[in-house]
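Analysis of the macromolecular model
Here is how the chains run, residue by residue.
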Amino acid sequence: MSQDFGHEAPRAHNHAPLRKPARYLVMIDSGGVGSALLFLDTRVLVADFDAGTEEAAQMTFGLVPSKSAAGPEWDHALDGHSAAERSAADVYTFDV
């Protein structure tokens, strides 16, 4: 008879703090390719993906973007993008 019959016992609950939720979604065009960048409230990048995905459309549904990616608060976060790309970018702010 096999020694691994049955279900695995549940693991202990992890009491570590949860990750902070993303606060900003920046939709930016870089060299003809649209990117969606997720940032924390400290403007630390936590994820980037194709701006043409269904998830990006779902995240922005009902939100009004601002054209505020050219401000000084975004200098470090978007330092790899040109001034023209940053000024054309849409910034969505999530209510978290």
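Every chain is numbered independently, its residues counted from 1 as its sequence is written. Side-chain atom pairs in this predicted model are given and counted only at pLDDT of 80 or more, local residue features only at pLDDT of at least 70, and totals for whole chains, interfaces and linings cover all residues. To obtain the side-chain values, all non-hydrogen atoms of the structure were used and water was disregarded.

Points about the sheet that holds strand β4 (residues 90-93)
When DSSP locates at least two bridges between a pair of strands, those strands are taken to pair. Under the scheme used here, helices are H or I runs from DSSP no shorter than 4 residues and strands are E runs no shorter than 2 residues, and both carry numbers assigned from the N terminus. Here four strands make up an open sheet; going across it, the order is β3-β2-β1-β4 and the pairing antiparallel. Two strands in the sheet have a free side with no partner beyond their single neighbour: β3 (45-50) and β4. Between one strand axis and the next, the sheet turns by 20 degrees as a mean value, whatever way the strands run. Where strand β2 (residues 33-39) lies against β3, five bridges are found, and the strand directions are antiparallel. The partner of Ala36 across the bridge, within β3, is Phe49. Between the N-to-C directions of two axes lies an angle of 0 to 180 degrees, each axis being a line fitted to C-alpha atoms and, for a helix, fitted only over the stretch in contact.

Quick notes on the packing of aromatic side chains
Aromatic rings considered in pairs are described by the distance between their centres and by the relative angle of their planes. To pair, rings of Phe, Tyr and Trp, with the six-membered ring standing in for Trp, must have centres within 6.5 Å; the planes then decide the type, stacked if under 30 degrees apart, edge-to-face if over 60, and tilted in the middle. Tallying each qualifying case throughout the model produces two aromatic pairs. Each ring, one from Tyr24 and one from Trp74, has its centre 5.4 Å from the other, and the planes form 80 degrees; the classification is edge-to-face. In this pair, Tyr24 is assigned in strand β1 (residues 24-30) and Trp74 in the loop between α1 (54-60) and α2 (83-88), connecting sequence segments 50 residues apart. For the residue pair Tyr24 and Trp74, the accessibility class agrees, reading buried in each case. Ring geometry for Phe39 and Trp74: centres 5.1 Å apart, planes at 75 degrees, overall edge-to-face. Burial classes follow relative accessibility: with a 1.4 Å probe on protein chains only, a residue under 20% of its type's maximum area counts as buried, one over 50% as exposed, and anything between as partly exposed.

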